[in-house]
Amino acid sequence: MKRTAHAFWLDRPGQGALRAVRLPQPGADDVVVRALYSGVSRGTETLVFRGGVPASQHAAMRAPFQEGEFPGPVKYGYLSVGTVEEGPAALVGRTVFCLYPHQTRYVVPAAAVTVVPDDVPAARAVLAGTVETAVNALWDAAPLIGDRITVVGGGMVGCSVAALLARFPGVRVQLVDADPARAAVAAALGVDFALPADALGERDLVVHASATEQGLARALELLTPEGTVLELSWYGDRKVSLPLGEAFHSRRLVIRGSQVGTVSPARPGRSYADRLALALELLADPALDALITGESAFEELPEVLPKLADGAIAALCHLIRYS
């Protein structure tokens, strides 16, 4: 096995580089994975790139195989798909997903990888981490047949939630975003689309994923009395004002937080592995290809990430390809 690899490191906020790394000797229960693809989420990962993780959240935001510390130098990322080159016989040659940073080859415990189903293309499998977030959110929200549901924020997480909700019987789903271009993504996912000013009201559930103060305020406005906003946005070090006056109390509205760091208590007995395996099964749907909106070679990552962070490259999930 080649004992060297290359990884992307954020040297300091706004600037990163590729570095050579030495791989450890794999143990009996380890696998050696050669990367095929990784994904960059424009939400969390570009916030990390900008140095926006508050000190109070450094531990909570730590990725499973992160090296270094925020704000940098740090090796960060969590959407990697590759081929097992060495390890247990049942895994050698299989395509697997791992919550690993951007690196050409890596050694991890065999328990840290999940086999990608045969009907899921390797490139689409990078979405597993985000679809897993959507699964957890819907476990928390527990939508019912016939619910009127809006997803505010057509980013990677919001679109993943909308895609799963489109499969619920009788549920009427609308994706709301300030970018009219998201209408094409909504159509590919099989859900309705509206700009914020045109969004339908009287909604039983609103899933908020825009990471903006205005989006959260609009989410509350769209609810029916006693409706719930499920808050999926993470604001980093930004302070957010929330309109809790006027009719908030008389309408008995609910705001509930949800995040992927803990398996939803609504599904007792389910493990992190169960949740991730389910997310990969759901990725058999080719409609989810609409969430991959660009592709670059691994060698281009130091130039691509700044453009993703400042919006010069408009993306949901940007695919990184390894040669």
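Quantities reported herein were computed from a predicted structural model and do not represent experimental measurements. (Residues numbered from 1 in each chain as written. Predicted model: local features only at pLDDT ≥ 70, side-chain atom pairs only at ≥ 80, totals over all residues. Heavy atoms only, no water.)

A. Region of interest: the overall build of the protein. Secondary structure summary: the protein contains seven helices and 17 strands in total. Its C-alpha atoms put the protein at 65 × 40 × 35 Å along the principal axes. For the protein, the residues scored as buried account for 49% of the 323 residues in total. Pairs at least 24 residues apart make up 64% of the contacts formed inside the protein by residues separated by at least 6 positions. Of the roughly 13900 Å² that the protein leaves accessible, carbon and sulfur atoms contribute 53%. When the 29 basic and 34 acidic side-chain charges of the protein are each reduced to a single mean position, those positions are 2 Å apart. (Helix = DSSP H or I, 4+ residues; strand = E, 2+ residues; numbered from the N terminus. Buried < 20%, exposed > 50% of the residue type's maximum accessible area, 1.4 Å probe, protein only. Contact = heavy atoms within 4.5 Å. Areas by Shrake-Rupley, 256 points an atom, 1.4 Å probe, with all protein chains shown as cover. Lys, Arg positive; Asp, Glu negative; His and termini not counted. Charge placed at Lys NZ, Arg CZ, Asp CG, Glu CD.)

B. Quick peek at a nonpolar patch on the surface. On the surface, a nonpolar cluster with roughly 210 Å² of combined accessible area is contributed by Leu-242, Leu-244 and Ile-255. Note on placement: Leu-244 falls in the loop between β14 (223-231) and β15 (254-257). (Patch = residues over 30% accessible without salt bridge, like charges linked within 9 Å, V, L, I, M, F, W, Y side chains within 5 Å. Salt bridge = Lys/Arg side-chain N within 4 Å of Asp/Glu carboxyl O.)

C. Region of interest: unusual backbone geometry. Residue Pro-71 is bonded to the preceding Phe-70 through a cis peptide linkage, with omega at 0°. Cis rather than trans, the peptide bond between Gly-72 and Pro-73 has omega equal to 0°. Its location among the elements puts Pro-73 in the loop between β4 (67-68) and β5 (74-75). Even without a glycine there, the phi angle at Arg-252 is positive, about 55°.

D. Spotlight on the nonpolar core. Counting residues in hydrophobic clusters, the biggest one holds 72 residues, and the most contacted among them are Tyr-76, Phe-97, Leu-127, Val-131, Val-161 and Leu-283. Apart from residues lying up to four places away in sequence, Val-161 is in contact with Ala-134, Leu-138, Val-151, Val-207 and Leu-232. Among the nonpolar cores identified, the runner-up in size contains 13 residues, and Ala-199, Ala-219, Val-229 and Tyr-235 belong to it. (Core = buried A, V, L, I, M, F, W, Y, C linked by side-chain atoms within 4.5 Å.)

E. Layout of the pattern of salt bridges. Summed over the entire model, instances satisfying the criterion amount to 15 salt bridges. Two residues, Arg-124 and Asp-289, come together in a salt bridge whose shortest N-O distance is 2.8 Å. In this pair, Arg-124 sits in the loop between β9 (113-115) and α2 (128-141) while Asp-289 sits in the loop between α6 (272-282) and β16 (292-297), placing the two residues 165 residues apart along the sequence. By relative accessible area, Arg-124 is classed as buried at 7%. A salt bridge links Asp-204 to Arg-148; its shortest N-O distance comes to 3.0 Å. With a gap of 56 residues between them, Asp-204 in strand β13 (residues 203-208) and Arg-148 in strand β10 (residues 148-152) connect regions that are remote in the sequence. When salt bridges with common partners are traced through the structure, they connect Arg-34, Glu-85 and Arg-105 into a single cluster.

F. Focus on the side chain of Gln-66. Considering the arrangement of structural elements, one finds Gln-66 in the loop between α1 (44-49) and β4. Gln-66 sits in the buried class, given a relative accessible area of 6%. Within the local environment of Gln-66, its side chain forms a polar contact with the backbone oxygen of Gly-68, the two atoms lying 3.3 Å apart. Excluding residues that lie within four positions of it along the chain, Gln-66 makes contacts with Met-61, Val-74, Lys-75 and Tyr-76. (Polar contact = N/O pair within 3.5 Å; in protein donor to acceptor, adjacent residues only side chain to side chain.)

G. How the structure looks around the packing of aromatic side chains. Under the defined criterion, the tally for this structure stands at five aromatic pairs. Plain terms: the ring middles of Tyr-76 and Tyr-78 are 6.0 Å apart, the flat faces sit at 85° to each other, and that makes the pair edge-to-face. Joined through ring pairs, the aromatic side chains of Phe-65, Tyr-100 and Tyr-106 make up one cluster. (Phe/Tyr/Trp six-rings, centres within 6.5 Å; stacked < 30°, edge-to-face > 60°.)

H. Region of the structure containing the pairing of strand β2 (residues 15-22). Looking at chain direction, strand β1 (residues 4-12) and β2 are connected through eight bridges and run antiparallel. Pairing of Phe-8 across the sheet is with Leu-18, part of β2. Between β1 and β2, which pair antiparallel one after the other, the connecting turn spans two residues, and Gly-14 there sits at a positive phi close to 90°. (Pairing = 2+ DSSP bridges.)

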